[in-house]
Amino acid sequence: MAIKRVALLTAGGFAPCLSTTVADLIQKYNFMDPTIEVIGYRYGYEGLLRGDSLVMDHDARIHAEWLKSMGGSPIGNSRVKLTNTQDLIDRGLIEEGQNALQVAAEQLTKDHVDVLHTIGGDDTNSTAADLATYLYDNNYDLTVVGIPKSIDNDIYPIRQSLGTATAAEEGARYAQHVIGECKSSPRMLIIHEMMGRDCGYLAARTTYTYHEWVKSQKWVPSAGLAREPWDVHALYIPELELDVAEEAERLRVIMDRVGTVNIFLSESAGLDAVVASKRAAGETVARDAFGHIRLDTVNPGQWFATHFSYRLGAQKVLVEKSGYFSRAWKSNAEDLELIDRVTTLAVRCGLERLSGVVGEDEEADNMLSLIDFRRLKGGKPFNIHTPWFRGLIDEIGQRFRPRHDSEVPPTMQK
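The rules behind each value
Residues numbered from 1 in each chain as written. Predicted model: local features only at pLDDT ≥ 70, side-chain atom pairs only at ≥ 80, totals over all residues. Heavy atoms only, no water. Pairing = 2+ DSSP bridges. Helix = DSSP H or I, 4+ residues; strand = E, 2+ residues; numbered from the N terminus. Axes fitted to C-alpha atoms, helices over the stretch in contact; angles between N-to-C directions. Phe/Tyr/Trp six-rings, centres within 6.5 Å; stacked < 30°, edge-to-face > 60°. Buried < 20%, exposed > 50% of the residue type's maximum accessible area, 1.4 Å probe, protein only. Lys NZ or Arg CZ within 6 Å of the ring centre and 35° of its normal. Parallel < 35°, antiparallel > 145°, perpendicular 65-115°, else oblique. Left-handed = near helix turned anticlockwise from the far one by under 90°. Contact = heavy atoms within 4.5 Å. Nonpolar A, V, L, I, M, F, W, Y, C, P; charged D, E, K, R; others polar.

1. Re the sheet that holds strand β4 (residues 115–120)
And step 1. The mixed open sheet is built from 7 strands, whose spatial order is β3-β2-β1-β4-β5-β10-β11. Single-partner strands in this sheet number two, and they are β3 (53–55) and β11 (367–371). The sheet shows a mean angle of 25 degrees between the axes of neighbouring strands, direction not considered.
And step 2. Sheet analysis places strand β1 (residues 5–10) next to strand β2 (residues 37–41), joined by 4 bridges and oriented parallel.

Shown next as structure tokens:
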């Protein structure tokens, strides 16, 4: 059956792919069949529940390319879980006794939507899976095609999420500015905190990219421009065990010799210890609608700064976070290429009325394919046995000590 109307929504945290993905979908549907209408729900699933949408008119279609020059999301994001009934009632998105999945299904029907594209991470697409199941079980003639974005790159079985490559590149660029402060004090401690709820991929890739930049620069030690004050001295991610006392001893030697220590940190590294200390102090740890700890309220970078500064004898401490800087920028060349391939298949699946998530399947030799919603889940750890990562850890002189509970399954170690 020919489709007449397609709906788009972006949800979860920002990633440097949302504007480009929206633009590509508009352009490709317009190319395939200019009679197909495209709408966008404002602020993700919240807009769907409220029936708040905008129509991509002629102007939007012919100028969609302009969206690729900007970051963020042109139609807006929110964090909404359609099966978290009490949260939805508290936020005024549904009323007592309503089923949010039914409300969403009825709104899609009211808006004459044939195909819904959900652009988001594991939470967005797990919600899409719930919606797709409800639609199928209740005989709604609607197709849901998910597109995986996540700067964390933590979605099973997706090889690389949209936006990850740009976020790492921008995080490294941010670090170049921050670590320019390395000689602003005789004993300087700089902590660069990066996003990553359960996975250290972004922190690892950002650090690697920055370290490679340092290696490519020209240094004049006799003029005071030496490499070591600018380089990475430690990288902490959740997949590696961390002994604070042991690391402090190692880093104290660097501080004494170099005059600065630069720590790159995933926000979820050592999270258990950070949360435990806050609870011991009587503090409440906030969680989002999906039950995840709100890392923006925990402030891991400051916790590490407190625990390392006196051990290293730091005179000045600088904690900087690159997350919001890196996640809201426009797509780089690597992401543009990946987004083009993913949206091409997503549109084809939409036209053929096939539901699922489009991505490179790690369990099928990284083939770009339509993946069953039921196979998707979050929390995929970073494969620390990746050669470029092992080389990075060796070069910065840090001990490689894996956490056994975060090892990547053999099927993911290709």
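There is more to say after this.
2. What to know about the packing of aromatic side chains
What describes a pair of aromatic rings is the distance from one ring centre to the other and the angle between the planes of the rings.
And step 1. What the rule picks out here adds up to 16 aromatic pairs.
And step 2. When the ring of Y174 is compared with that of F325, the centres are 5.1 Å apart and the planes differ by 55 degrees; the resulting orientation is tilted. Note that Y174 is positioned in helix α7 (residues 164–178) and F325 in helix α13 (residues 323–327), a separation of 151 residues in sequence.
And step 3. Y174 sits in the buried class, given a relative accessible area of 15%.
And step 4. Note on Y210 and W213: the rings are 5.6 Å apart at their centroids and 35 degrees apart in plane angle, and the pair reads as tilted. Within this pair, Y210 and its partner W213 are both found in helix α8 (residues 201–216), separated by 3 residues, close to a single helical turn.
And step 5. Cluster of aromatic residues (ring-pair linked, three or more members): Y201, Y208, F382, W388 and F389.
And step 6. The side chain of R390 reaches across the aromatic face of F400, ending 3.7 Å from its centre.

3. Quick notes on the packing of α8 against helix α15 (residues 387–396)
And step 1. α15 packs onto α8 with a crossing angle of 60 degrees between their chain directions and a minimal axis gap of 10 Å. On the basis of the axis angle, α8 is oblique to α15. Crossing handedness for the pair α8 and α15: left-handed. Every residue of α15 that contacts α8 at Y201, A204, R205, T207, Y208, H211 and K215 is listed here: W388, F389, L392, E395 and I396.
And step 2. Its residues assigned to classes, the contact of α8 with α15 comprises 7 nonpolar, 2 polar and 3 charged.

4. Quick look at the sheet that holds strand β9 (residues 316–321)
And step 1. The 4 strands are arranged β7-β8-β6-β9 in an open sheet whose pairing can be described as parallel. Here the strands that pair on one side only, and so sit at the sheet edges, are β7 (234–236) and β9. Recorded for the sheet is a direction-independent mean angle of 15 degrees between the axes of neighbouring strands.
And step 2. Note: strand β6 (residues 188–194) against strand β8 (residues 260–266), 7 bridges, orientation parallel. Bridge pairing in β8 places E193 opposite L265.

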